[in-house]
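Coordinates in review
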Amino acid sequence: MKKIVVFLGIAIFMTMAGTSVAQDAEAAEEAATYKGSKKCKMCHKDQYNIWLESPHATAFDKLEEADQAKEDCVACHVMGKVDGSVEHAEPGVGCESCHNPGSKYAAKGVMSKKTFKADPEGSKENWYTLGLVKPTEENCVACHNEKSPNFEGFDFDKYMAKIRHWDLDELEAAETPATEETVK
Ligand code: HEC
Ligand code: HEC
Ligand code: HEC
Ligand code: HEC
């Protein structure tokens, strides 16, 4: 009898331990969440200001009020739509619509001037491991496709030029960037 109790006790302990290990792994694997474009603005003001003037920032406002309640429309006009409803993390196509949810890679002390300065290549590698995305054509055509009732076709190079907010030094040298409505 005593043996059985001990055996049972061990079995229960092992089950519990197993569960807790599984839960820890689950927590570690938990999907990153959206922080919002204002979070990115803290350190990427120039990129933010360019984005603010792009149609992406106001994509939700372009929808008629009735359409803002339609799941079929909201899908590509907001950031981080919660599947099966019209709930979303942010109206419009925000930074993380293209660069992925930032709770991990843009966490405090992970993506910062300090970490970057200390180890540029190592920091970058870490950010991409934590989910940062360098968007490609594949990301764009998730929304720029025939499911859009207003689809006007998609020319990658042409469309990329219109949203350019990278290699800003080169851009500045070539032309004055569109940042009239700058945020102070
Ligand atoms: C606390 C400051 C800080 C915050 C907040 C922050 N970043 Fe960064 N980020 C940096 C620094 C510093 C770099 C490296 C220098 C640079 O490229 O400007 C960088 C680089 C990047 C890069 C370029 C990576 C590469 O391969 O060159 C992307 C893309 C990026 N950040 C996106 C974002 C997005 C999206 C957010 C919001 C979710 C965000 N960042 C929030 C500081 C920050
Ligand atoms: C598959 C993604 C997707 C869905 C779903 C979608 N849209 Fe769009 N919408 C886009 C894209 C991308 C554009 C930009 C047009 C382009 O360049 O092709 C756009 C542009 C628009 C515009 C602006 C047109 C302009 O001339 O500025 C309106 C208004 C609009 N959509 C309304 C809607 C409505 C209403 C629905 C639902 C019936 C809807 N969209 C569903 C992706 C989508
Ligand atoms: C519509 C998609 C899209 C949105 C929205 C977007 N980006 Fe980007 N971002 C890109 C692409 C594409 C690149 C260029 C990747 C490459 O170099 O090939 C890029 C590059 C960058 C870089 C690298 C800059 C450099 O000089 O190398 C930073 C930083 C960045 N984005 C920050 C942001 C921030 C902050 C926001 C929001 C204010 C934002 N992005 C919104 C698509 C997007
Ligand atoms: C989450 C959905 C989504 C993604 C991802 C996305 N877009 Fe868009 N894009 C839109 C919507 C919606 C509009 C229309 C906004 C409006 O008219 O207000 C738009 C408009 C545009 C426009 C303006 C088109 C015009 O007629 O002037 C350009 C340029 C553009 N997108 C480029 C890109 C590029 C390049 C990428 C990939 C790096 C990309 N987009 C990724 C949803 C998206």
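Residues numbered from 1 in each chain as written. Chains lettered and ligands numbered in written order. Predicted model: local features only at pLDDT ≥ 70, side-chain atom pairs only at ≥ 80, totals over all residues.

Observations concerning the overall build of the chain
Secondary structure assignment for the chain yields 10 helices and two strands. Helices (α) and strands (β) of the chain occur, in sequence order from the N terminus, as α-α-α-α-β-β-α-α-α-α-α-α. Of all 184 residues assigned to the chain, the portion counted as buried reaches 14%. (Helix = DSSP H or I, 4+ residues; strand = E, 2+ residues; numbered from the N terminus. Buried ≥ 20, exposed ≤ 12 C-beta atoms within 10 Å, placed from the backbone.)

Structural notes on the environment of Lys35
In this structure, Lys35 sits in the loop between helix H1 (2–29) and helix H2 (37–41). Taking the number of C-beta atoms within 10 Å as the measure of exposure, Lys35 has 21 and is therefore buried. Put simply, Lys35 and Lys104 are 69 residues apart on the chain and 9.6 Å apart in space, counted from C-alpha to C-alpha. Apart from the residues lying within four places of it in its own chain, the contact partners of Lys35 are Glu96, Gly102, Ser103 and Ala106. (Contact = placed C-beta atoms within 7 Å.)

Here we look at helix H3 (residues 45–52)
Buried within H3 are the following residues: Tyr48, Ile50 and Trp51. Buried residues along H3 cover an arc of 165° about the axis, so they all sit on one side. On the buried face of H3, the contacting elements are H2 and helix H5 (95–99). (Arc of directions from axis to C-beta.)

A look at the site of ligand 1
Neighbouring residues of ligand 1: 17 residues in total, closest Cys40, Cys43, His99, Gly102 and Ala106. Going through the elements one at a time, H2, H5 and helix H6 (113–118) are the ones with two or more residues in the shell around ligand 1. With three residues, H5 is the largest single contributor of residues to the shell around ligand 1. Partitioned by chemical class, the residues of the shell around ligand 1 number eight nonpolar, four polar and five charged. (Near = placed C-beta within 6 Å. Nonpolar A, V, L, I, M, F, W, Y, C, P; charged D, E, K, R; others polar.)

Side note on the site of ligand 2
Neighbouring ligand 2 are 18 residues, the closest being Cys73, Cys76, Lys147, Ser148 and Glu152. Within the shell around ligand 2, the residues separate by chemical class into seven nonpolar, five polar and six charged.

What about the confidence of the model for the chain?
Averaged over every residue, the pLDDT of the chain is 85; the share at 70 or more is 78%. Considering each helix and strand of the chain separately, the mean pLDDT is smallest for H1, with a value of 47, and largest for H2, with 98. Predicted confidence for residues 4–22 stays below pLDDT 50, and this span has zero contacts to residues more than four positions away or in other chains. (pLDDT = per-residue confidence, 0-100.)

Quick word on the environment of Arg164
Topologically, Arg164 is positioned in the loop between helix H9 (156–162) and helix H10 (168–174). Along the sequence, Arg164 and Ser54 sit 110 residues apart, while their C-alpha atoms lie 9.6 Å from each other.

Examining unusual backbone geometry
Negative phi is the rule for most residues except glycine; trans is the rule for most peptide bonds. Even without glycine at this site, Asn100 takes up a positive phi of about 85°. Position of Asn100 relative to the elements: it lies in the loop between H5 and H6. In this structure, Asp167 is a non-glycine residue whose phi angle is positive, near 45°. Examined against the element boundaries, Asp167 turns out to sit in the loop between H9 and H10. On the basis of neighbour count, Asp167 is assigned to the exposed category, with 10 C-beta atoms found within 10 Å.

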